[in-house]
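# Geometric and topological summary
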Amino acid sequence: ISEIHEEVSQPPCAPCGTVGSPCPIGSRYLDLGPPSDEFSDLSAAIYYPACEEGEDAAVAAGSFPVVVFGHGYQQSFGDYRYVWEALVPRGYIVALPDKLNEATTVDINEYAADMAHMADTLQLWGKDEGSPFFERVAPAVAVMGHSTGSGAGIDAVATGLFEEVLPSPIVSLAPLGHIDSIPINGLSPIEAAAK
């Protein structure tokens, strides 16, 4: 993660008037609704640069790029605390779906739609005067994931599910490849990666 940060060279966070210091981490746990009529509701954890650490803290001044991170099959977004703890203090918004930790089967197409829905929702909140994220979301999105979450991210980008901003880059940690049978079904990330 540190190497990725150096490559994208996001400037240091300057929250609420402090210069050159790491951002405190704010968090919100939200119901984003379904990505489309054919899929179920999505809950997400969102971690962001804040004026002070804590749940529902005010978003720090600035415009922050978004990292959407998909967690692995039968894991929780909380298993990836190291991701938001590394990226948020450096000035990134990190959004993680909370859907698969108790799932016995996974529709990777729905998971891909969830990841795009998170990124699109944050971009729209950045333009909404009534949102706490108003003018705080940069028009830049990266997709990261582990295992099934990584495969879903690849599928989301390859199939053009993002409506607001096309993600770049895609970072995969031990990505899911072939989908041979239940418990995971949908578009093979290996086939999608060819696009």
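Residues numbered from 1 in each chain as written. Predicted model: local features only at pLDDT ≥ 70, side-chain atom pairs only at ≥ 80, totals over all residues. Heavy atoms only, no water.

### Things to note about the overall build of the protein
When you go through the protein residue by residue, the secondary structure sums to five helices and nine strands. Seen in sequence order, the protein has helices and strands lined up from the N terminus as α-β-β-β-β-α-β-β-α-β-α-β-β-α. In the protein, the share of contacts with a sequence separation of at least 24, taken over all contacts with a separation of at least 6, comes to 71%. Put simply, the protein shows about 9,000 Å² of open surface, and 49% of that area lies on carbon and sulfur atoms. (Helix = DSSP H or I, 4+ residues; strand = E, 2+ residues; numbered from the N terminus. Contact = heavy atoms within 4.5 Å. Areas by Shrake-Rupley, 256 points an atom, 1.4 Å probe, with all protein chains shown as cover.)

### Overview of the side chain of His 117
Structurally, His 117 is set in helix α3 (residues 108-125). What makes His 117 buried here is its relative accessible area of 16%. A polar contact is formed between the side chain of His 117 and the backbone oxygen of Leu 32, at a distance of 2.9 Å. Once residues lying within four places of it in the same chain are set aside, the contact partners of His 117 are Leu 32, Gly 33, Pro 34, Pro 35 and Leu 42. (Buried < 20%, exposed > 50% of the residue type's maximum accessible area, 1.4 Å probe, protein only. Polar contact = N/O pair within 3.5 Å; in protein donor to acceptor, adjacent residues only side chain to side chain.)

### Describing the confidence of the model for the protein
Per-residue confidence for the protein averages 82 on the pLDDT scale, and 81% of its residues sit at or above 70. Mean pLDDT across the secondary structure elements of the protein bottoms out at helix α1 (residues 2-8), with 54, and peaks at strand β3 (residues 54-55), with 94. (pLDDT = per-residue confidence, 0-100.)

### As for the environment of Gly 160
Tracing the backbone through its elements, the reader meets Gly 160 in the loop between α4 (148-158) and β8 (170-173). Once the C-alpha coordinates of Gly 160 and Ala 113 are considered, the two residues, 47 residues apart in sequence, prove to be 9.8 Å apart.

### Some words on unusual backbone geometry
Backbone geometry follows two general trends: most residues other than glycine have a negative phi, and most peptide bonds adopt the trans configuration. Look at Asp 56: it is not a glycine, yet its phi comes out positive at around 60°. Relative to the elements of secondary structure, Asp 56 occurs in the loop between β3 and β4 (64-70). Under the relative-accessibility criterion, Asp 56 is labelled partly exposed at 45%. Its identity as a non-glycine residue notwithstanding, Ser 147 has a phi of 55°, on the positive side. Position of Ser 147 relative to the elements: it lies in the loop between β7 (137-146) and α4.

### A few points about the nonpolar core
Formed by 33 residues in total, the largest nonpolar core has its most connected members in Tyr 48, Ile 93, Met 118 and Phe 133. Of all the secondary structure elements, the ones that give two or more residues to this core are β2 (42-49), β4, β5 (93-97), α3, β7 and α4. Counting residues per element, this core draws most heavily on α3, at eight residues. When sequence neighbours within four positions are dropped, the list of residues in contact with Ile 93 reads Ile 46, Tyr 47, Tyr 48, Pro 49, Phe 64, Pro 65, Val 66, Val 67, Leu 122, Phe 133, Arg 136 and Val 137. If you look at the next biggest cluster of nonpolar residues, it comprises 17 residues, including Val 67, Phe 69, Leu 87 and Val 94. (Core = buried A, V, L, I, M, F, W, Y, C linked by side-chain atoms within 4.5 Å.)

### A short note on the packing of α3 against α4
When two helices pack together, their arrangement is given by the angle between the helix axes and the distance between those axes. The contact between α3 and α4 brings their axes to 8 Å, and the two run at 75°. In terms of orientation, α3 lies roughly perpendicular with respect to α4. Where α3 approaches α4, its residues Ile 108, Asn 109, Tyr 111, Ala 112 and Met 115 are matched on the opposing element by Thr 148, Gly 149, Gly 151, Ala 152, Gly 153, Asp 155 and Ala 156. Here the contact of α3 with α4 is built from residues that sort into six nonpolar, five polar and one charged. (Axes fitted to C-alpha atoms, helices over the stretch in contact; angles between N-to-C directions. Parallel < 35°, antiparallel > 145°, perpendicular 65-115°, else oblique. Nonpolar A, V, L, I, M, F, W, Y, C, P; charged D, E, K, R; others polar.)

### Quick word on the packing of aromatic side chains
One pass over the full model with this rule turns up five aromatic pairs. Residues Tyr 80 and Tyr 82 carry aromatic rings whose centres are separated by 6.2 Å and whose planes lie at 50° to one another, so their mutual orientation is tilted. Exposure remark for Tyr 80: the relative accessible area of 3% places this residue in the buried category. Among the residues examined, Tyr 82 registers a relative accessible area of 45% and is labelled partly exposed. On the numbers, 5.7 Å between centres and 20° between planes, the contact of Trp 125 with Phe 133 is stacked. Look at Phe 133 and you get buried, because its relative accessible area is 1%. (Phe/Tyr/Trp six-rings, centres within 6.5 Å; stacked < 30°, edge-to-face > 60°.)

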